[in-house]
Amino acid sequence: MDRRRASLVLLLVFVLCTGIAIVISGSRPGLEQGLAPALVQFVGYACGLAGAVLLFSSTTEPEVGAPRRIGGVVLGALVVLVLLDLLGADGTNIGAGFVRLVLLVVIMVATIRLALGVAAAGRPR
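What you see is a predicted model, and the numbers here were worked out from it, not measured in a lab.

Parameters and conventions
- Residues numbered from 1 in each chain as written.
- Predicted model: local features only at pLDDT ≥ 70, side-chain atom pairs only at ≥ 80, totals over all residues.
- Heavy atoms only, no water.
- Core = buried A, V, L, I, M, F, W, Y, C linked by side-chain atoms within 4.5 Å.
- Buried < 20%, exposed > 50% of the residue type's maximum accessible area, 1.4 Å probe, protein only.
- Helix = DSSP H or I, 4+ residues; strand = E, 2+ residues; numbered from the N terminus.
- Contact = heavy atoms within 4.5 Å.
- Axes fitted to C-alpha atoms, helices over the stretch in contact; angles between N-to-C directions.
- Parallel < 35°, antiparallel > 145°, perpendicular 65-115°, else oblique.
- Left-handed = near helix turned anticlockwise from the far one by under 90°.
- Nonpolar A, V, L, I, M, F, W, Y, C, P; charged D, E, K, R; others polar.
- pLDDT = per-residue confidence, 0-100.
- Expected span 1.5 Å × (residues − 1).
- Phe/Tyr/Trp six-rings, centres within 6.5 Å; stacked < 30°, edge-to-face > 60°.
- Lys NZ or Arg CZ within 6 Å of the ring centre and 35° of its normal.

Draft legend 1. Spatial organisation of the nonpolar core. Counting 16 residues, the largest nonpolar core has F14, V74, L78, L81, I107 and L114 as its most contacted members. Elements with a minimum of two residues in this core: helix 1 (4-26), helix 2 (36-56), helix 3 (67-87) and helix 4 (94-122). Setting aside its immediate chain neighbours within four residues, L78 contacts F14, Y45, G48, L49, A52 and I107.

This is the structure:
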């Protein structure tokens, strides 16, 4: 069963929630963040993890977009992002920020590859 379309939508919701969380947290002083950025990011992580699991459990042909590999990469990146958020919640850390940026770029590249695979599969032959 091809689950790539649903996974793509869930990954795009993750991207949207992450962007909203960054904007909300950037618009408030450091100690007055509140729960809004964390809640929005949690929803994003839940959508991203669901999309990654759908991809990882996909049973499509390996030559079309490699959904299992993309799902594994996204799943690993999301697990590290969640751990960074849970363990690094006490303050800012330039190293953790850099790792977060790199992982978000990895997820972006995986999402683009997935979108290209979905578009190619939907094209008539």
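Let us keep going from here.
Draft legend 2. Examining the environment of A110 more closely. Here A110 is to be found in helix 4. When the C-alpha atoms of A110 and P67 are compared, they prove to be 9.5 Å apart, with 43 residues separating the residues in sequence. Each residue touching A110, except ones within four places of it in the same chain, is listed here: I70 and V74.

Draft legend 3. Quick look at the packing of helix 2 against helix 3. Where helix 2 contacts helix 3, the two axes come as close as 7 Å, and the packing angle between them is 155°. With respect to their mutual orientation, helix 2 and helix 3 come out roughly antiparallel. Of the two elements, helix 2 crosses helix 3, and the hand of that crossing is left-handed. Counted together, Q41, Y45, G48, L49, A52, V53, L55 and F56 of helix 2 and P67, R68, I70, G71, G72, V74, L75, L78, L81, V82 and D85 of helix 3 form the full contact between these two elements. Residue composition of the contact of helix 2 with helix 3, grouped by class: 13 nonpolar, 4 polar and 2 charged.

Draft legend 4. Looking closely at the confidence of the model for the protein chain. Residues of the protein chain with pLDDT of at least 70 account for 84%, and the chain-wide mean is 84. Mean pLDDT in the protein chain bottoms out at helix 4, which sits at 88, and peaks at helix 2, which reaches 91.

Draft legend 5. Structural view of helix 2. Between its first and last C-alpha, helix 2 extends 30 Å over 21 residues, near the 30 Å set by a 1.5 Å rise per residue. Turning to helix 2, its buried residues are P37, V40, Q41, G44, Y45, C47, G48, G51, A52 and L55. Buried-residue contacts for helix 2 involve helix 1, helix 3 and helix 4.

Draft legend 6. Region of interest: the packing of aromatic side chains. This model, assessed by the stated rule, comprises 1 aromatic pair. Sitting over the face of the ring of F56, R68 holds its NZ or CZ atom 5.0 Å from the ring centroid.

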